[in-house]
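The chain contents come next:
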Amino acid sequence: MFMADFKSFKAFIFLLLLLLFNTGILAKEEEAEVIAELKKQEEDSQPFVGLNIGTEVSDLLSPKDLVSFLQLQKITHIRLYDANSDILRALAHTKIRVIVGVPNNQLLAIGSSNTTAATWIERNVVDFYPETLISAISVGDEVLTTVPSSAPILLPAIESLYNALVASNLHTLIKISTPHAASIVLDPFPPSQAFFNQTLTPIIIPLLQFLSRTGSPLMMNLYPYYVFMQNKGVVPLENSLFKPLTPSKEMVDPNTLLHYTNVLDAMVDAAYFSMKNLNITDVVVLVTESGWPSHGDSKEPFATIDNADTYNSNLIKHVYDRTGTPFHPEITSSVYIYELFNEDLITTPLSEANWGLFYGNSTPVYLLHVSGSGSFLAKDTTNQTYCVVMDGVDTKSLQAALDWACGPGRSNCSEIQPGENCYQPNNVKNHASYAFDSYYQKAGRTVWSCDFKGVAMITTTDPSHGKCIFPGSKKEVNNTKMESPSSNTTSEAQSRLMGNIHGFQAFMILLISLVTTNCFS
């Protein structure tokens, strides 16, 4: 409930500002700065997709070239497994936000000495911030399951680092948490029955209380790939890859009657229910790792380029659709994809070296279907993308989507009329693909303009055939984004800004900052 309350309060602040603008209380010269601040705070509160960057790469880009590559791809959030000073220095004066990591082998020293913790913060955070936008610190990685001997020192290490952040007055700006493996949650499906491993609760309870107190997220490494591999025959591959399912194949929680169309949402909700069972309801889940390998040995036949492409493309779309989870539709978890580069220096198993979207020299392993998302990989590895019908869609759903595209969607459907170039083959799938692509190209090729209630997908393969040239392949394409119905209203409201009360601007920006820091960070 607290998330809904925060959202309502945020809406109240925006309405208050709009009222102040319209009634002339804010000065016109203050308008641009306040609007810019509002926009920045709004963007900061939105879910995002980030990338994990491992460095076990034989031909890894230099820090300077790495940052240039990130900027080219419009990647705005990254996570490092250490606090690489060269990379942090190269990130200075960019808009890229970075999570820095404390390696597991440093936990003992930091957890045993406040001085060591303070020195770590000074050298790896204070020396770089705010020129480098450090957003969080991940303390260790899957400590409770991979190095259980270090479990007793985990929370002391986190608290010592947090105290050092407090001493530097950075504790409200930089969050601190620790990533967990999905295996700390037992009986994960149905999600309503999930609970944390009870042997870990003496550590997990005070840790969750710390996260609640400091407004930090519960970091979880969640891999539907492993769920599928461990439950073949029970968990459908389509469910693991975010592919649309018929209602009969959807997972249903018998206790809540919530329908789960994909494995990741079920894993996230299992974490939420596990926290709820411990009376913690105000900690947000941050997915610090998720992905799919593109290559594996004979024991991993589903580690393929097609599956990796499908999973990561659909994952990105799922986050930016902002639909939340069945248990918390008001909360969409941000996700860090594992990983940016194939780490070819990792030799076994074969799949461990093949989780990357790119090779170390920045050439793509495969072509993601996310071009035009506007906020992630906007300069995609593809030169041209198209929107077509997804395989396995029932005709009734497809016909409804086609009717919408050619009707309210205002797609150009003249070419699929009898006698025209794209009429043949005369079937719903062919006609719908043309209509979908027409809408997609006109709407600016965004991920959310190729959905049509889950029956469409973005592809890099040109669907044109014979004399039928799809809209995305025509020389002149209207890429003007369709305005939302509220665009003119917002513009008119902003044009009425007037008045002049000195000093009020500073107060309002401070209010916005306080609300965002305390409620939405």
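Coordinates for the structure precede this section.
Let us look at the structure shown here. All figures in this text were calculated on a predicted structure; none of them were measured in a lab.

So, how was this worked out
Residues numbered from 1 in each chain as written. Predicted model: local features only at pLDDT ≥ 70, side-chain atom pairs only at ≥ 80, totals over all residues. Heavy atoms only, no water. Pairing = 2+ DSSP bridges. Helix = DSSP H or I, 4+ residues; strand = E, 2+ residues; numbered from the N terminus. Axes fitted to C-alpha atoms, helices over the stretch in contact; angles between N-to-C directions. Buried < 20%, exposed > 50% of the residue type's maximum accessible area, 1.4 Å probe, protein only. Arc of directions from axis to C-beta. Contact = heavy atoms within 4.5 Å. Right-handed = clockwise from strand over helix to strand, strands pointing away. Parallel < 35°, antiparallel > 145°, perpendicular 65-115°, else oblique. Left-handed = near helix turned anticlockwise from the far one by under 90°. Disulfide = S-S within 2.5 Å. Polar contact = N/O pair within 3.5 Å; in protein donor to acceptor, adjacent residues only side chain to side chain. Core = buried A, V, L, I, M, F, W, Y, C linked by side-chain atoms within 4.5 Å.

Pairing between sheet strands relies on hydrogen bonds along the backbone, with the strands arranged either parallel or antiparallel. The nine strands are arranged β5-β4-β3-β2-β1-β13-β12-β9-β6 in an open sheet whose pairing can be described as parallel. At either margin of the open sheet sits one strand with a lone partner, and together these are β5 (175–177) and β6 (179–181). Pairwise comparison of adjacent strand axes, ignoring direction, gives a mean angle of 25 degrees for this sheet. Inspection of the sheet shows strand β9 (residues 218–221) paired to strand β12 (residues 285–290) by four bridges, in the parallel sense.

For helix α3 (residues 63–72), the set of buried residues is L66, V67, F69 and L70. Buried residues of α3 fall within an arc of 160 degrees about the axis and therefore sit on the same side. Considering only its buried residues, α3 is in contact with β1 (49–53), β2 (77–80) and α4 (85–90). The first or second residue beyond α3 is K74, which carries a positive phi of 55 degrees.

Moving on, we come to the pairing of β1. Among the five residues of β1, five are classified as buried, and the element is accordingly described as predominantly covered. On β1, burial covers both faces: V49, L51 and I53 on one face and G50 and N52 on the other are all buried. Pairing analysis gives three bridges linking β1 to strand β13 (residues 335–337), with the strands arranged parallel. The partner of V49 across the bridge, within β13, is V335. As judged from the three bridges shared by β1 and β2, these two strands associate in the parallel manner. Residue pairing in the sheet places I53 in a bridge with L80 of β2. Crossover handedness for the path β1 to α3 to β2: right-handed.

Turning our attention to the packing of helix α14 (residues 395–406) against helix α15 (residues 428–442). Axis separation between α14 and α15 bottoms out at 9 Å; the angle between their running directions is 40 degrees. In terms of their interaxial angle, α14 and α15 are classed as oblique. Crossing hand, α14 versus α15: left-handed. Counting all contacts with α14, which are made through T395, L398, Q399, A401, L402, W404, A405 and C406, the residues of α15 involved are V428, K429, H431, A432, A435, F436 and Y439.

Attention now moves to the state of the cysteines. On inspection of all chains with the given rule, the structure shows three disulfides. The partner cysteine of C406 in its disulfide is C413, sulfur to sulfur 2.0 Å. What sets the handedness of the C406 and C413 disulfide is the S-S torsion sign, and at about -95 degrees it is left-handed. Taking relative accessible area as the criterion, C413 reaches 9% and is therefore assigned buried.

What follows deals with the side chain of N314. Note on placement: N314 falls in helix α13 (residues 305–321). At 3.0 Å, the side chain of N314 and the backbone oxygen of L241 are in polar contact. Once you skip the residues sitting within four places of it in the chain, N314 turns out to touch L241, F242 and K243.

Looking now at the nonpolar core. Grouped together as the largest cluster of nonpolar side chains are 108 residues, with contacts concentrated most on W120, I137, V139, L218 and L340. Ignoring sequence-local partners within four residues, the contact set of W120 consists of A83, V100, G101, V102, Q106, I110, V125, I137 and L161. Membership of the second largest hydrophobic core comes to 23 residues, among which are C387, L402, C422 and C468.

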